[in-house]
Every structure is written in C-alpha cells, then in structure tokens.
Amino acid sequence: MHIEPGVVEGAKILLSYATAVTAFGLTAKLALDSVRNNGGVAALALRSLLTTALVFCFFEVFPHHAVGVSEVHLILGSTLLLLFGAGAAAIGLAAGLLLQGLLFAQFDLPQYGMNVTTLLIPLWGISLLAKRIVAPGTAYVDLSYKQALALSTAYQGGIVAWVGFWAFYGHGFSSENLAAVGSFGLAYMSVILVEPLIDLGVLAAAKALSRFSQGPLFNVRLHQPA
C-alpha cells in the first residue's frame with residue numbers, strides 16, 4: 001500500500017495532509033478509548049511499542065512487491081487490532097510506517113500523509129465493524145472464520161479503495177491508470193485470502209497459550225468477553 005512517488009504531485013498532495021490530520025484524530029480517539037477501557041496508559045504504551053516494532057518488521061522484512069500504483073504488503077492490520085486493541089494498532093501502524101521511511105525509504109516520506117491515511121482510516125472502520133459482528137459475550141480467541149474473514153476483507157478492501165482514490169485523484173481515469181489500479185487490486189486478493197487464516201492461527205495460538213497471552217501486553221478483549 002505504499003503509494004509510488006509521482007502518483008500525486010504538486011498542490012494536489014495538500015489533500016493528503018488534511019486526510020492525515022483526520023486519521024491522526026481518529027487514532028487519538030482510539031488511543032483514548034484504549035486508555036479508558038483497555039488497560040490504561042502504561043498498557044497502551046507497551047502495546048504501541050510492540051506494534052510499532054511489528055509493523056516495521058512487516059514493511060521492511062516481509063516480502064513486498066510493487067504492483068501498479070503501489071506495493072503489495074502483508075500488513076496484518078486486523079491481526080494487530082485483535083491482539084493489541086485498536087489504539088495500539090493505529091499507533092503502531094503510523095509509527096512503524098514513519099520509522100521505515102526515516103531509516104530506509106526517505107523517498108516515501110512525501111507520500112506519508114497518503115500512506116498513513118490508507119492504513120489508519122480502514123483500521124478505524126474495522127474497529128467499528130468488530131463491535132457490530134462480534135457479540136459482546138465473545139472473546140476474540142473464539143472468533144469464527146467468517147468473522148475473521150469479514151474483518152480482514154474490510155480492512156484490505158479499505159486499503160485498495162484508498163489506493164484507488166489516490167491514483168485516480170492524481171492521474172485521472174486514463175486506461176493506463178485504470179489498468180495500474182486494477183492490477184494492484186487483483187494482486188491484493190492474495191492478501192485478502194491469506195490474512196484471515198493468519199488471524200485464526202494467531203488467535204488459536206493465543207488461546208492455547210492463554211497464560212502467556214494475557215496481561216498488559218495484550219488486548220483485554222482477546223480473552224475476556226466485553
């Protein structure tokens with residue numbers, strides 16, 4: 001989901017600053033909710049450090065390939081939300097992306113506003129979706145494949161939608177641009193198919209190792225029904 005340099009240029013890039021401010025506002029709301037309902041400030045800080053390290057690893061170590069207007073990554077946004085909560089997941093995504101740009105991909109920094117928007121607004125969306133599709137009496141370790149698929153598909157679908165928006169906003173609806181966006185969307189289907197399986201595998205491991213996956217490092221909802 002790293003928008004390629006040159007997709008949005010000139011004065012048009014100002015819009016990405018505005019959307020990033022909105023994304024950071026939603027992140028602040030998620031973080032505040034986490035402080036109030038998910039372990040407090042210390043727990044949020046610990047989880048955020050962990051998610052930042054994980055996101056940096058996802059972007060820098062995991063395989064990633066440029067396809068069309070962006071890159072295809074295994075981001076595991078829904079996995080982070082389930083394990084660590086929406087607040088820590090959002091902070092980790094924003095900080096991990098920035099850290100990667102500062103240390104290894106300075107050419108991506110002008111696109112940071114677009115990329116962070118693309119990551120954070122879909123995460124906020126699935127945090128709302130989780131409240132609707134996961135019954136209050138269900139711990140996250142007991143999610144069904146259907147629920148994991150819904151969360152993962154919604155997150156990845158949001159990413160594809162935002163990448164498409166930036167591409168069309170930057171270069172219009174030419175046949176070349178349509179083909180580039182289409183190839184990116186098709187390539188991302190592999191992520192949509194794989195991520196729910198990863199979610200369920202991670203949740204199964206957390207359930208089997210419950211004495212190690214409880215406490216301030218993990219989302220309270222992971223083992224405790226709301």
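Just so we're clear, the structure is a prediction, and the values are computed from it rather than from any experiment. (Residues numbered from 1 in each chain as written. Predicted model: local features only at pLDDT ≥ 70, side-chain atom pairs only at ≥ 80, totals over all residues. Heavy atoms only, no water.)

Caption draft 1: Expanded view of the pattern of salt bridges. Per the counting criterion, the structure on display carries two salt bridges. Ionic pairing is found between Asp33 and Lys29, a salt bridge with its closest N-O pair at 2.8 Å. In this pair, Asp33 and Lys29 both sit in helix α1 (residues 14–37), four residues apart, roughly one turn of the helix. A salt bridge links Asp142 to Lys207, with the shortest nitrogen-to-oxygen separation between them at 2.6 Å. You can see Asp142 sitting in the loop between α5 (112–133) and α6 (145–171) and its partner Lys207 sitting in helix α8 (residues 189–208), a full 65 residues away along the chain. A relative accessible area of 41% means that Asp142 is categorised as partly exposed. (Salt bridge = Lys/Arg side-chain N within 4 Å of Asp/Glu carboxyl O. Helix = DSSP H or I, 4+ residues; strand = E, 2+ residues; numbered from the N terminus. Buried < 20%, exposed > 50% of the residue type's maximum accessible area, 1.4 Å probe, protein only.)

Caption draft 2: Quick peek at the nonpolar core. Counting 59 residues, the largest nonpolar core has Ile75, Leu93, Leu119, Leu123, Tyr140, Tyr155 and Leu222 as its most contacted members. Secondary-structure elements contributing two or more residues to this core are α1, α2 (40–60), α3 (77–84), α4 (86–103), α5, α6, α7 (175–187) and α8. Ranked by residue count, the leading element in this core is α5, at nine residues. With residues up to four places along the chain from it excluded, the contact list for Leu123 reads Gly77, Leu81, Ala86, Ala89, Ala90, Leu93 and Tyr155. (Core = buried A, V, L, I, M, F, W, Y, C linked by side-chain atoms within 4.5 Å. Contact = heavy atoms within 4.5 Å.)

Caption draft 3: Quick peek at the side chain of Thr27. You can see Thr27 is positioned in helix α1. Those residues in contact with Thr27 that sit more than four places away from it in its chain are Ala90, Ile91 and Leu120.

Caption draft 4: Focus on the environment of Asn38. The topology assignment puts Asn38 in the loop between α1 and α2. Counting along the chain gives 79 residues from Asn38 to Thr117, while the straight-line C-alpha distance between them is 24 Å. Apart from residues no more than four positions distant in its own chain, Asn38 is found in contact with Asp33, Ala43, Arg47, Phe84, Gly85, Asn219 and Val220. Separated by 2.9 Å, the side chain of Asn38 and the backbone nitrogen of Val220 make a polar contact. (Polar contact = N/O pair within 3.5 Å; in protein donor to acceptor, adjacent residues only side chain to side chain.)

Caption draft 5: Representation of α7. Taking 1.5 Å as the rise per residue, α7 with 13 residues should run 18 Å; its terminal C-alpha atoms sit 18 Å apart, in good agreement. Next to the buried residues of α7 lie β1 (65–67), β2 (70–72), α6 and α8. (Expected span 1.5 Å × (residues − 1).)

Caption draft 6: Structural context of the layout of surface pockets. For the largest pocket, the calculated volume is near 590 Å³. Around the largest pocket sit 24 residues that line it, and Asn37, Asn38, Lys131, Tyr140 and Asn219 are the ones nearest its centre. Among the secondary structure elements, those contributing two or more residues to the lining of the largest pocket are α1, α4 and α5. A per-class count over the lining of the largest pocket returns 12 nonpolar, eight polar and four charged. (1 Å grid on protein atoms, 1.4 Å probe; cavity = no way out; pocket = protein on both sides within 12 Å on 5 of 7 lines; lining within 4 Å. Points joined across faces, edges and corners; volume = space filled by probe spheres on them. Nonpolar A, V, L, I, M, F, W, Y, C, P; charged D, E, K, R; others polar.)

Caption draft 7: Up close: empty space enclosed by the protein. Scanning the entire structure with this criterion turns up one cavity of 30 Å³ or more. Counted as a void, the largest cavity has a volume near 40 Å³. Lining the largest cavity, in full, are His2, Leu97, Leu98, Gln100, Gly101, Asp108, Leu109, Tyr112 and Asn115. Counting only elements with at least two residues in the lining of the largest cavity, the list comes to α4 and α5. Top contributing element to the lining of the largest cavity by residue count: α4, with four residues. Broken down by class, the residue content of the lining of the largest cavity amounts to four nonpolar, four polar and one charged.

Caption draft 8: Representation of the packing of aromatic side chains. Scanning the model with the defined rule gives nine aromatic pairs in all. For the pair Phe84 and Phe218, a centre-to-centre distance of 5.7 Å together with 15° between the ring planes defines the contact as stacked. Here Phe84 is found in helix α3, whereas its partner Phe218 is found in the segment after α8, with 134 residues between them in sequence. Relative accessible area serves as the criterion here: at 4%, Phe84 is assigned to the buried category. Ring geometry for Phe165 versus Trp166: centroids 5.1 Å apart, planes at 65°, classification edge-to-face. Residue classification places Trp166 among the buried residues on the basis of a relative accessible area of 0%. Grouped by ring-pair contacts, the aromatic residues Trp162, Phe165, Trp166 and Tyr169 constitute a single cluster. (Phe/Tyr/Trp six-rings, centres within 6.5 Å; stacked < 30°, edge-to-face > 60°.)

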